Amino acid sequence: MFAQPTLDTRLRPLEAVKAVRRLLANPDQTKEVFVILRAMRGRSGIRLFRRFQQSPMGARILAERRCLLNTLSDATALAAMPAGSLGHDYRRFMAAENLSAAGLLAPSQSWDDDPASPEVKLFRERMRDMHDLTHVLTGYGRDPLGELCLLAFTYSHTGNLGMALIVLMGFLQIKSWPVRRAVLEAWRHGRTARMWFPGTDWESLLPETLDRLHKRFNIIEPAAYRGAMS
């Protein structure tokens, strides 16, 4: 029997709003995202973990003590992935953006003083480490609009009010309707996707082609985002 999560469930809206303002003023301040998510997760973190823990794939990942970061740090294995695959395009994406799989370790350190069981920590780290994979799978870039769209897409997968707050405050700052349409489109696409990001077996998907994954999971081309960025 796995230990139950011991997360801080208090909502801190004032802290979150201040952090969102700092993030919108400087989108490179990735650490603010973790501050916001923590301040506004409430009981969503517990619900999310329990759903993961009770799912067949989540239980398997916990039993195997999987570390997604290790998989994504294996440059040799990623280089051997077929062209057009998730793993191949992830490697190319990370190189183009000058990123490393461990790049989110430092910004996420605000979690360190929050006691949690080893299982919850594993789940939390997996959620962190899959972020750039979701960029590649959904087609949203690391530009400010792409990050906002990805959060809108992902909200239905996590239920974290911090994500909703970032999207709402970012949306209200946008004056262009085509840009707003991109965010609304991302939210709709996240709701219709036939996969649940937290409980996805990312390791097994790496060799599969993006085209196949898009069809299999109903990941729709972000046309409004592409149009807004052109």
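Residues numbered from 1 in each chain as written. Predicted model: local features only at pLDDT ≥ 70, side-chain atom pairs only at ≥ 80, totals over all residues. Heavy atoms only, no water.

Chemist: Quick question: what am I supposed to make of helix α1 (residues 13-25) here?
Modeler: Three or four residues apart is the spacing at which side chains of an α-helix point the same way, because the helix has 3.6 residues per turn. For α1, built from 13 residues, the straight-helix expectation of 18 Å at 1.5 Å per residue is met to within 8% by its first-to-last C-alpha distance of 18 Å. Inspection of α1 places Ala16, Ala19, Val20 and Leu23 among the buried residues, and these make up the whole buried set. The arc enclosing the buried residues of α1, seen along the axis, measures out at 105°, which places them on a common side. Exposed and oriented more than 90 degrees from the buried face of α1 are Leu14, Arg21 and Ala25. (Helix = DSSP H or I, 4+ residues; strand = E, 2+ residues; numbered from the N terminus. Expected span 1.5 Å × (residues − 1). Buried < 20%, exposed > 50% of the residue type's maximum accessible area, 1.4 Å probe, protein only. Arc of directions from axis to C-beta.)

Chemist: Just checking my understanding: could you explain the side chain of Asp132 for this structure?
Modeler: Assignment of secondary structure puts Asp132 in helix α9 (residues 131-138). Comment: no salt bridge for buried Asp132; closest opposite-charge side chain is Arg142, at 4.5 Å. Look past the residues within four positions of Asp132 in its chain and what remains in contact with it is Tyr90, Phe93, Met94, Leu99 and Arg142. (Lys, Arg positive; Asp, Glu negative; His and termini not counted. Salt bridge = Lys/Arg side-chain N within 4 Å of Asp/Glu carboxyl O. Contact = heavy atoms within 4.5 Å.)

Chemist: What am I meant to see in the packing of helix α3 (residues 44-54) against helix α4 (residues 56-63) here?
Modeler: Running from N to C, α3 and α4 point in directions that differ by 85°, and their axes come no closer than 4 Å. With respect to α4, the element α3 is oriented roughly perpendicular. Where α3 approaches α4, its residues Phe49, Phe52, Gln53 and Gln54 are matched on the opposing element by Pro56, Gly58, Ala59, Ile61 and Leu62. (Axes fitted to C-alpha atoms, helices over the stretch in contact; angles between N-to-C directions. Parallel < 35°, antiparallel > 145°, perpendicular 65-115°, else oblique.)

Chemist: I keep staring at the confidence of the model for the protein chain and nothing clicks. Help me out?
Modeler: Predicted coordinates in areas of low pLDDT are best not read in detail. On average, residues of the protein chain carry a pLDDT of 91, and 92% of them reach 70 or more. In the model, residues 1-5 has pLDDT below 50 throughout and makes 16 contacts with residues more than four positions away in sequence or in other chains. (pLDDT = per-residue confidence, 0-100.)

Chemist: For this particular structure, what's the right way to read the packing of aromatic side chains?
Modeler: Aromatic rings in a pair are described by how distant their centres are and how their planes are angled relative to each other. Within the structure shown, the criterion is met by 6 aromatic pairs. Their ring planes at 35° and their centres at 4.7 Å tell us that Phe52 and Phe123 sit as a pair that is tilted. Pair noted here: Phe52 is in helix α3 and Phe123 is in helix α8 (residues 118-129), with a separation of 71 residues, a long-range link. Here Phe52 matches Phe123 in class, with each residue buried. Between the aromatic rings of Phe197 and Trp202, the centroid separation amounts to 5.7 Å while the plane-to-plane angle is 55°, which identifies the pairing as tilted. We note that Phe197, like Trp202, is buried. (Phe/Tyr/Trp six-rings, centres within 6.5 Å; stacked < 30°, edge-to-face > 60°.)

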